[in-house]
Amino acid sequence: MKASAFSYIRPTTIDDALALLAQYGEQAKVLSGGQSLMPALNLRLSAPEWLVDIGGLSDLRTIAVSRGLLRIGALARHVDVLKSADVAEHAPLLADAMVHVAHPAIRNKGTMGGNLAHADPASEMPACMIALDAVIVVRSRAGERRLQARDFFIGIYETALAAEELLVAVEIPVANQNSVRFFHEYARRNGDYAIVGLAASATLDGGSFADLRLGFFAVGDRPLLATAARHLIGRPVTAAMLAEAQAALEAELDPQEDQQAPVAMRKHLARQLLALCVATLLGRADLEARRSA
Amino acid sequence: MTAPVAVSLTVNGERIDAQVLPRLNLADFLREHLGLTGTHVGCEHGVCGACTVRVDGDIVRACLLLAVQTHNASVETIEGLSDSGEVADLQAAFCNRNALQCGYCTPGMLMAAQDLLRQNAAPDRAQIREHLSGNYCRCTGYHAIIDAVEATALARRGEQP
Ligand SMILES: Cc1cc2nc3c(=O)[nH]c(=O)nc-3n(C[C@H](O)[C@H](O)[C@H](O)COP(=O)(O)OP(=O)(O)OC[C@H]3O[C@@H](n4cnc5c(N)ncnc54)[C@H](O)[C@@H]3O)c2cc1C
Ligand code: FES
Ligand code: FES
């Protein structure tokens, strides 16, 4: 199908973009990489009167590190994140995850800001952001707001962004020497949206977790920062602790049934991922036995 | 305005000045306004890859890009890559290995395969599959396509298959 008619405008400064969003409100849609918006327009799931193309706001393209924070501009494309030396060094979880996001031709256009603003519950980046305790920076004419990633995602395709706000960047605390990460997703094909996935970031203290942040995706209406992690922190992990954590995890999950997988399968796969994650991060093959439990 | 907008771009090296409606996507612009029908349209929502073209050197989905967004850009289509001879060996390998049947996916496959070979002269089969994972083929079952790309990579490196 073809998109219905709209008017198109391409501001060249952030201030102009924010003024346009303030003026048109709900009648406008921000166009970034277009890799989620254009399908929605072509399928006529969305029919805005105005498209505000932010592709010309080159200030938003930068990836940089300063004062312990990796800042990724909203217009950094998936391929830029994938190839960034700063990302590889300071937030390698993102590079691990990005290879699972769509396909090369889509990664050449899709942007970090668009991906996070789109808030697909099966999407990798939102889960990485909650695992990495990122801050999402949004701006309107009224000023800037800084939101914890876990407060930003509020439902299926729903975020805390207001119509007149632009997501401008995401800020991630840089990984330290004891940081380890895990990423794995179950998908039918390379590049497809996940059936269930886990992006995790942890701090090790000897053979234990000093901290463990588990970002599950495709397990509910938004990425889940699993509180089940508390069963695994501060002491050497035993099979009994892992079993307790798996049970706690299952209680937190609220997966959807869709053509990809029924609810029970998603819950099962999430438990498997938790065991795989803990066994991998601690180098404890014995705990992987919990996968088939 | 929903009225036409002026755009200037180059398509296969040739300068084009046109008036386009904002909602017109690049695939339709190439096919219907410029008569470049080698860029195919399958799904119109990014999943099949039949519309793959190069914009400023990067492969993209022409169905997910507005023609107005290509103002000042350099667009290359399968016609451009064929006429310049850039993919002649890849095309020959596709024929030799029966890597096409109906041919609907072929322009997009060639664009994606050539993109891989420009970035990686010695891809293994898994890397070829990964790079072509966004391109559907409903006829060949993919193996012959992977074979053709692998054979072209070998030949370009001066090695025997
Ligand atoms: C075939 C296919 C497969 C895909 N597979 C995956 C996958 O496996 N995993 C995955 O995560 N994604 C996948 N995607 C989606 C892809 O990652 C998109 O690029 C991404 O979701 C949206 O980014 P964009 O820059 O293209 O945003 P756009 O499509 O331009 O915008 C998306 C939404 O966000 C809004 N928006 C964009 N930028 C901003 C901003 N700065 N501030 C406020 N609002 C904004 C837009 O108004 C729109 O509502 C896939 C897409 C396709 C077509
Ligand atoms: S027509 Fe563009 S991806 Fe299918
Ligand atoms: S040859 Fe027919 S779709 Fe690929």
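Anything mentioned here points back to the structure above.
Residues numbered from 1 in each chain as written. Chains lettered and ligands numbered in written order. Predicted model: local features only at pLDDT ≥ 70, side-chain atom pairs only at ≥ 80, totals over all residues. Heavy atoms only, no water.

A. A look at the nonpolar core. Residue and element names in this part refer to chain A. Counting 40 residues, the largest nonpolar core has Ile 72, Leu 94, Met 129 and Ile 172 as the members making the most contacts within it. Counting only elements with at least two residues in this core, the list comes to strand E5 (69-73), helix H5 (92-98), helix H7 (112-118), helix H8 (124-131), strand E6 (135-140), helix H9 (149-152) and strand E10 (166-173). Sort the elements by how many residues they give to this core and H8 lands first, with six residues. Taken together, domain 2 (58-172) and domain 3 (180-292) each give at least three residues to this core, which thus spans both. If we ignore the near neighbours within four places in the chain, the residues touching Met 129 are Leu 94, Met 112, Leu 116, Ala 134, Ala 149, Val 170 and Ile 172. In terms of nonpolar packing, the next biggest core, distinct from the first, is built from 37 residues, Ala 200, Val 237, Cys 277 and Ala 279 among them. (Core = buried A, V, L, I, M, F, W, Y, C linked by side-chain atoms within 4.5 Å. Buried < 20%, exposed > 50% of the residue type's maximum accessible area, 1.4 Å probe, protein only. Helix = DSSP H or I, 4+ residues; strand = E, 2+ residues; numbered from the N terminus. Domains from an automatic or database assignment. Contact = heavy atoms within 4.5 Å.)

B. Molecular detail of the site of ligand 1. As a structural note, the neighbourhood of ligand 1 is formed by 35 residues, with Val30(A), Gln35(A), Leu37(A), Thr111(A) and Ser123(A) the closest of them. With respect to ligand 1, its neighbouring residues span chains A and B. Leu167(A) is positioned such that a nitrogen or oxygen atom in its backbone is 2.8 Å from a nitrogen atom of ligand 1. Among the elements of the structure, strand E2 (28-31), H7 and E10 of chain A are those that each provide at least two residues to the shell around ligand 1. For the shell around ligand 1, the element with the most residues is H7(A), which contributes five residues. Of the residues assigned to the shell around ligand 1, the class counts are 15 nonpolar, 17 polar and three charged. (Near = heavy atom within 4 Å. Polar contact = N/O pair within 3.5 Å; in protein donor to acceptor, adjacent residues only side chain to side chain. Nonpolar A, V, L, I, M, F, W, Y, C, P; charged D, E, K, R; others polar.)

C. Representation of the state of the cysteines. Inspection of the entire model under this criterion finds zero disulfides over all chains. Free of any disulfide, Cys128(A) has its nearest neighbouring cysteine sulfur in Cys277(A), separated by 12 Å. Just so you know, Cys95(B) is unpaired, no disulfide at all, and the nearest cysteine sulfur is the one on Cys105(B), 13 Å from it. (Disulfide = S-S within 2.5 Å.)

D. Local environment of the pairing of strand E4 (residues 58-61) of chain B. Residue and element names in this part refer to chain B. Across four bridges, the pairing between strand E3 (residues 52-55) and E4 is antiparallel. Across the sheet, Val 53 pairs through a bridge with Val 60, a residue of E4. In this structure, the hairpin formed by E3 and E4 is closed by a connection of two residues, where Asp 56 is found at a positive phi of approximately 50 degrees. (Pairing = 2+ DSSP bridges.)

E. Up close: the interface of chain A and chain B. In this assembly, 33 residues from chain A lie in contact with 25 residues from chain B. Run the count over chain A and chain B and you get four salt bridges. We note a salt bridge from Lys2(A) to Asp28(B), for which the minimum N-O separation is 2.8 Å. Applying the counting rule to chain A against chain B returns 12 residue pairs in polar contact (both at pLDDT 80 or more). Of all the secondary-structure elements, those providing two or more residues to the side of chain A that touches chain B are strand E1 (7-9), helix H2 (37-42), strand E3 (50-53) and helix H6 (104-107) of chain A. Looking at the side of chain A that touches chain B element by element, the count peaks at four residues for H6(A). The class makeup of the residues in the side of chain A that touches chain B is 15 nonpolar, 10 polar and eight charged. (Salt bridge = Lys/Arg side-chain N within 4 Å of Asp/Glu carboxyl O.)

F. View of helix H10 (residues 239-252) of chain A. Residue and element names in this part refer to chain A. Given a rise of 1.5 Å per residue, 14 residues ought to cover 20 Å, and the 20 Å separating the end C-alpha atoms of H10 matches this to within 8%. Every buried residue of H10 is accounted for by Met 241, Leu 242, Ala 245, Gln 246, Ala 248 and Leu 249. Here the buried residues of H10 occupy an arc of 165 degrees about the axis, which is enough to place them on one side. Opposite the packed face of H10, turned more than 90 degrees from it, sit the exposed residues Ala 240 and Ala 251. (Expected span 1.5 Å × (residues − 1). Arc of directions from axis to C-beta.)

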